[in-house]
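If you want the building blocks of each chain, they are given just below.
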Amino acid sequence: DTGVSQNPRHKITKRGQNVTFRCDPISEHNRLYWYRQTLGQGPEFLTYFQNEAQLEKSRLLSDRFSAERPKGSFSTLEIQRTEQGDSAMYLCASSFSPNNQPQHFGDGTRLSIL
Amino acid sequence: DQQVKQNSPSLSVQEGRISILNCDYTNSMFDYFLWYKKYPAEGPTFLISISSIKDKNEDGRFTVFLNKSAKHLSLHIVPSQPGDSAVYFCAATAGSNYKLTFGKGTLLTVNP
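Before going into details, it helps to say that this report is about the structure given with it. (Residues numbered from 1 in each chain as written. Chains lettered and ligands numbered in written order. Predicted model: local features only at pLDDT ≥ 70, side-chain atom pairs only at ≥ 80, totals over all residues. Heavy atoms only, no water.)

## Quick notes on the sheet that holds strand β7 (residues 65-68) of chain A
All names here are of chain A.
Then comes step 1: In space, the 4 strands of this open sheet follow the order β1-β3-β8-β7, with antiparallel pairing throughout. This sheet does not close on itself; its edge strands, each paired only once, are β1 (5-7) and β7. Each neighbouring strand pair of the sheet contributes to a mean axis angle of 15°, computed without reference to strand direction. (Pairing = 2+ DSSP bridges. Helix = DSSP H or I, 4+ residues; strand = E, 2+ residues; numbered from the N terminus. Axes fitted to C-alpha atoms, helices over the stretch in contact; angles between N-to-C directions.)

This is the structure in structure tokens:
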């Protein structure tokens, strides 16, 4: 069990640029989640995959955000035309079904918009 | 609308004493509750959980208590150690609604 891996750990970009983050979940976990955390807040749910199917998207996820999990393994989160308000820590988590299994988090990607 | 509330932003205790972290929730559909610990520059680490069919769950120095009628849960750490100093998040989920709803966290400082 190597844990959830996220890359890059830190991304600095100019406003208006596109960014892409990657998450590699724990290998036997079929569920993968993305959360966003801003200063002084707890993580907020963004989206969720079961295998390769994206089953729910939060209203926090505007149309500039897109997430994929093409083969039910790793996932990518892309933000197009970044804005100042996108600056946050983006956390990925994975878990094994059925329900009531704890989600295990990666160390996150910190996005800073200049 | 904050469905999970941690009303104490910080807590300071002496090494060896008990730490009690509190959490309140408003959504009566929540039926699974978790505590996570977070160190700076790391992701949240799962500590302990409890299902709504129980009122207590224990794992070593960590015990979680759930009072469904009061919509309140607490995490007890006994004895507290300096390495326990971190931000603690309470989280909840509802049935097959897998997504976690987090509180804002409580910063615990354990003084040697």
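Right, picking up where we left off after that structure.
## Examining the sheet that holds strand β6 (residues 56-59) of chain B
Residues and elements named next belong to chain B.
Then comes step 1: Strand order in this open sheet of 5 strands is β1-β3-β8-β7-β6, and the pairing throughout is antiparallel. In this open sheet, the two strands that pair with only one neighbour each are β1 (4-5) and β6.
Then comes step 2: With 2 bridges connecting them, β1 and strand β3 (residues 19-25) associate as antiparallel partners. Bridged to Val4 within β3 is Tyr25.

## Here we look at unusual backbone geometry
Glycine aside, a negative phi is what most residues show, and trans is what most peptide bonds show.
Then comes step 1: Here the residue pair A:Asn7 and A:Pro8 is connected by a cis peptide bond, since its omega of -10° sits within 30 degrees of zero.
Then comes step 2: With omega at -15°, the peptide bond leading from B:Val78 into B:Pro79 counts as cis.
Then comes step 3: For B:Pro79, the position within the fold is in the loop between β8 (72-77) and β9 (86-94).
Then comes step 4: Backbone geometry places A:Asn51, a non-glycine residue, at a positive phi of 55°.
Then comes step 5: Mapped onto the secondary structure, A:Asn51 falls in the loop between β5 (44-50) and β6 (53-57).
Then comes step 6: For A:Asn51, a relative accessible area of 36% translates into the label partly exposed.
Then comes step 7: Positive phi is not limited to glycine here, since B:Ala41 has a value of about 65°.
Then comes step 8: Within the secondary structure, B:Ala41 is located in the loop between β4 (32-38) and β5 (45-51).
Then comes step 9: Residue B:Ala41 is classed as exposed on the basis of its relative accessible area, which comes to 54%. (Buried < 20%, exposed > 50% of the residue type's maximum accessible area, 1.4 Å probe, protein only.)

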